[in-house]
Amino acid sequence: MFSRLFQTGLRPAAGGLRAVTAEQTRNAATLKTLSIRMRAIKNMQKITKAMKMVATAKFKKDMRTMENGLPFAIPVMNLFQRLPVEDKAGAITYVAVTSDKGLCGGVNTAVAKQVRQGITAEEAKGNVSKVVVIGGKGVAVLKRLYGDRFTHSFEECSKVPFTFAAASLIAERLAASNPARCKVVSNEFKSMVSYDTIAKHTFTVDEAHTMDKGEWTKAMDVYSFEPSIYEVWQDLHEFYYGCVIYGSFIQSTTTETAQRMNAMENASKNAGEMYGKVELQFNRARQAKITTELCEIISGASAV
Amino acid sequence: MALRSARILRMASEATGVTNRLLLTLTSPGEAICVKKPVDSVTVPGTEGVFTVTNNHSLIVSQLKAGVINVRDGSEMKDYFISDGFLFFNHPTDGSGCCTAEVAGVEIVPTSALDKDRATQVLSELMAAPKDNEWDRAKAQLGAALVNQVIKAAE
């Protein structure tokens, strides 16, 4: 975004310069325009540098939260992953996990794209789709096309540190809507520079009830449940929903800050390059102005 | 720097080349107390009673209630308080012979961090609070059960 800004900002200045060299004017106006442009670029570079520093500090915190939170969320997810995924027809709920703020590369766009593709594919098969969005950017992007399919949207989740209580609140709303099938679309953190956007199949209560008994027995009967599986299942399933939301959100937040760091570093670099180019034009214009003035003085002196 | 040292510590605590031990993961959403730490046994407060798991225990998924988790490693014993959660016991997926016990608790703190006086104060506040609707009554009942366990564990 910043690079686009710089480019659009640079165009009139460059055009102005061409006009100036062609007409051989005094260059004062061009110099002023260029100096304003240089100041603007410098200010933007300062902003992007500051944003990068903020993102770096946040990234360390988010990374720590993710390292602590994932071992909590993964065990129950591993248990449910033992269940086979059956390709069934029926209504599907997409949970899009995005961020509240932009300027973080393509993380939110990637999630929105995956949701859009998923909904298009499901609706082509004749399945009804619903959308639950976490994060303001997801709401803004998906509202135009799928606003009528929204069941819940949660914004400003990152305003205060995201806790398991917040995840449970979202999970409770999700469980209350009793989805037939559910997919959580989020960004999985891989490294500082890379991430995967995945649509995680999340087992619903409905799927668990209608599952093939043989498959169910094979996956779950190896465990002894305390209390018995019939008593504990509802609690376990709610805990599973909470852990899926919590795990996805903390990974998405870490990815967002890592990508923001990269985006801001690139923006700062671009701003530096832009500044260099405009500075060169400024110096040329300044030199041309001096030369013109010298010529005028010399020709004036020779005329006397 | 703190992040780097935390990572080094966690890597050190994770089992490397350990065989035939129980690997314990004790985590709450905000804190991973230990991740795959080799221990001898762990005693947890299940909803149907307190029980101990050691290496090669049968596969189990247990719901946990408020109480004390006791981790034994040789002669070293450590106590943690859990508000509620789940225990997942799994057999080894590699040839190490190390089973994994994963305790995911909503809140887990060392028992030394519990404040008995504050817990007593909270209990009296819960008892004195109005119980006009079902939510208030449920909150008071669940809160009292939890705080009673905190007081018991802090003794």
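Note that the coordinates shown come from a computational prediction; the quantities given were computed from them, not determined experimentally.

The rules we used
Along each chain, the written sequence defines residue order, and numbers are assigned to residues from 1. All chains are assigned letters beginning at A, and all ligands numbers beginning at 1, according to the order in which they are written. This being a predicted model, a pLDDT of at least 70 is required before a residue's local features are given, and a value of 80 or more before pairs of side-chain atoms are given or counted; all residues contribute to the totals for chains, interfaces and linings. To get the side-chain values, all heavy atoms of the structure are used, and hydrogens and water are removed first. The secondary structure listing takes helices from DSSP runs of H or I that are at least 4 residues long and strands from runs of E that are at least 2 residues long, numbered from the N terminus. In this setup the radius of gyration rests on C-alpha atoms only. A globule is expected at 2.2 Å times the number of residues raised to 0.38. Accessible surface area values rest on a Shrake-Rupley calculation with a 1.4 Å probe, where residue burial reflects the displayed protein chains alone. Residues scored as positive are Lys and Arg, those scored as negative are Asp and Glu, and His as well as the terminal groups of each chain are ignored. A charge is said to be at NZ when it belongs to Lys, at CZ for Arg, at CG for Asp and at CD for Glu. Here's how the labels work: a residue is buried when its accessible area is under 20% of the maximum for its type, exposed when over 50%, partly exposed in between, all with a 1.4 Å probe on protein chains only. Pairs of residues are marked as contacts when any of their non-hydrogen atoms sit within 4.5 Å. By definition, the buried area sums, over both parts, the 1.4 Å-probe accessible area that each loses when the two are put together. Salt bridge, as used here: a side-chain nitrogen of Lys or Arg that lies within 4 Å of a carboxyl oxygen of Asp or Glu. All domain edges in this entry derive from an automatic or database-based domain assignment. In protein, a polar contact means a hydrogen-donor-capable atom and an acceptor-capable atom, both N or O and within 3.5 Å, with residues adjacent in sequence counting only if both atoms are side-chain atoms; elsewhere, any N or O pair within 3.5 Å suffices. As a working rule, the residues Ala, Val, Leu, Ile, Met, Phe, Trp, Tyr, Cys and Pro are called nonpolar, Asp, Glu, Lys and Arg charged, and the rest polar, with Gly in that last group. Pairing of aromatic side chains here covers Phe, Tyr and the six-membered ring of Trp, requires ring centres within 6.5 Å, and sorts the geometry by plane angle: under 30 degrees stacked, over 60 edge-to-face, intermediate tilted. UniProt positions are given in the numbering used here, feature names are shortened, and annotations may be inferred rather than shown by experiment. Patch members must show over 30% relative accessible area and no salt bridge, and they are joined within 9 Å when carrying like charges or within 5 Å when they are nonpolar side chains of Val, Leu, Ile, Met, Phe, Trp or Tyr. What makes a nonpolar core is a set of buried Ala, Val, Leu, Ile, Met, Phe, Trp, Tyr and Cys residues whose side-chain atoms join them at distances within 4.5 Å. For helices, the fitted line uses only the C-alpha atoms of the stretch in contact; every axis is such a line through C-alpha atoms, and the angle between N-to-C directions lies from 0 to 180 degrees. For classification, angles of less than 35 degrees are called roughly parallel, those exceeding 145 degrees roughly antiparallel, those between 65 and 115 degrees roughly perpendicular, and all remaining angles oblique. Crossing handedness follows the turn of the near helix against the far one: under a right angle anticlockwise gives a left-handed crossing, and clockwise gives a right-handed one.

### Some remarks on the overall build of chain A
Looking only at helices and strands, one finds eight helices and six strands in chain A. A compact globule built from 304 residues should have a C-alpha radius of gyration of about 19 Å, whereas chain A, at 28 Å, is more than 25% larger. Seen through its principal axes, chain A has C-alpha atoms that stretch 110 × 40 × 25 Å. Roughly 15400 Å² of accessible area belongs to chain A as shown, and the carbon and sulfur atoms make up 56% of that amount. Of the charged side chains in chain A, 40 are positive and 29 negative; the average position of the first set lies 14 Å away from that of the second.

### Notes on the overall build of chain B
Of the regular secondary structure elements, chain B holds three helices and ten strands. What you see in chain B, going N to C, is helices and strands ordered as α-β-β-β-β-β-β-β-β-β-β-α-α. When the 155 residues of chain B are sorted by exposure, 45% land in the buried category. Long-range pairs, those at least 24 residues apart, make up 52% of the contacts in chain B between residues at least 6 apart in sequence.

### Examining the interface of chain B and chain A
Taken residue by residue, the interface counts 28 residues in chain B and 23 residues in chain A. Between chain B and chain A lies a buried interface of about 2300 Å² when both sides are counted; carbon and sulfur atoms form 61% of it. Counting every contact that joins chain B to chain A gives zero salt bridges. Elements with a contribution of two residues or more to the side of chain B that touches chain A: helix H1 (2–13), strand S1 (22–28), strand S2 (31–39), strand S5 (60–64), strand S8 (85–90) and strand S9 (100–105) of chain B.

### Focus on the domain arrangement of chain A
Residues and elements named next belong to chain A. Under the domain assignment used here, chain A contains domain 1 (2–54 + 261–299) and domain 2 (73–259). Contacts between the two partners involve six residues from domain 1, matched on the other side by eight residues from domain 2. Here domain 1 packs against domain 2, burying approximately 520 Å² in sum over the two surfaces, 57% of which is carbon and sulfur. Ranking the residues of domain 1 by area buried against domain 2 places Met261, Asn262 and Ala263 at the top, with a combined share of 74%. Between the two partners, domain 1 and domain 2, sit zero salt bridges. Taken together, the links from domain 1 to domain 2 amount to seven residue pairs in polar contact (both at pLDDT 80 or more). Of the residues forming the side of domain 1 that touches domain 2, the biggest block, four residues, is contributed by helix H8 (residues 229–303). Classifying every residue of the side of domain 1 that touches domain 2 by side-chain character gives five nonpolar, one polar and no charged.

### Topic: the packing of aromatic side chains
All names here are of chain A. Taken as a whole, this structure holds 15 aromatic pairs over all chains when the rule is applied. With a centroid separation of 4.8 Å and an interplanar angle of 75 degrees, the aromatic rings of Trp216 and Trp233 are classed as edge-to-face. With Trp216 in helix H7 (residues 213–220) and Trp233 in helix H8, this pair connects stretches of sequence that are 17 residues apart. For the pair shown, Trp216 and Trp233 are each scored as buried.

### Quick word on the UniProt feature "domain: ATP synthase F1 complex delta/epsilon subunit N-terminal" (unreviewed entry) in chain B
Within this structure's numbering, the places UniProt gives as "domain: ATP synthase F1 complex delta/epsilon subunit N-terminal" (unreviewed entry) are residues 24–90 of chain B. Helix makes up 0% of residues 24–90 of chain B and strand 76%. Its end C-alpha atoms lie 11 Å apart.

### Comments concerning a nonpolar patch on the surface
Together, A:Ile290, A:Leu294, A:Ile297 and A:Ile298 line one region of the surface with nonpolar side chains, adding up to about 380 Å² of accessible area. Among the structural elements, A:Leu294 can be located in helix H8.

### Examining the nonpolar core
A:Phe80, A:Ile134, A:Met220, A:Leu236 and A:Ile245 are the most contacted members of the largest nonpolar core, which has 55 residues in total. Mapped onto this core, the elements with two or more residues apiece are helix H2 (28–81), strand S1 (92–97), strand S2 (129–134), helix H5 (164–176), strand S4 (181–189), H7 and H8 of chain A together with S8 of chain B. Residue contributions to this core peak at 15 residues, all from H8(A). Residue contacts for A:Ile245: discarding those within four places in its chain leaves A:Val95, A:Ile134, A:Phe162, A:Ala167, A:Ile170, A:Ala171 and A:Leu174. Of all hydrophobic cores here, the second largest spans 21 residues; its members include B:Ile60, B:Leu87, B:Phe89 and B:Ala101.

### Section: the environment of A:Gly136
Residues and elements named next belong to chain A. Looking at the element boundaries, Gly136 is found in helix H4 (residues 136–146). Given the relative accessible area of 16%, Gly136 is considered buried. Put simply, Gly136 and Phe154 are 18 residues apart on the chain and 7.4 Å apart in space, counted from C-alpha to C-alpha. In this view, Gly136 contacts Ser99, Asp100 and Glu155; residues no more than four positions away in its chain are not counted.

### Let's talk about the packing of H5(A) against H8(A)
Residue and element names in this part refer to chain A. The geometry of H5 relative to H8 is characterised by a closest axis approach of 8 Å and an angle of 120 degrees between their N-to-C directions. Taken together, the axis directions place H5 and H8 in an arrangement best described as oblique. Both H5 and H8 take part in a crossing whose hand is right-handed. Residues Phe164, Ala167, Ile170, Ala171, Leu174 and Ala175 of H5 lie in contact with H8, whose contacting residues are Phe239, Tyr241, Gly242, Cys243, Ile245 and Tyr246. The residue inventory of the contact of H5 with H8, partitioned by class, reads eleven nonpolar, one polar and no charged.

### Quick look at a positive patch on the surface
Among the surface-exposed residues, A:Lys58, A:Lys60, A:Lys61, A:Arg64 and A:Lys101 lie close enough to one another that they form a single positively charged patch. Turning to its location among the elements, A:Arg64 is positioned in helix H2.

### Things to note about the domain arrangement of chain B
All names here are of chain B. The assigned domain composition of chain B is domain 1 (2–111) and domain 2 (116–154). Across the boundary between the two partners, domain 1 contributes six residues, which contact four residues of domain 2. The junction of domain 1 with domain 2 conceals about 370 Å² of combined surface from both sides, 83% of it contributed by carbon and sulfur atoms. One can count zero residue pairs in polar contact (both at pLDDT 80 or more) joining domain 1 with domain 2. Tallied by class, the residues present in the side of domain 1 that touches domain 2 amount to three nonpolar, three polar and no charged.

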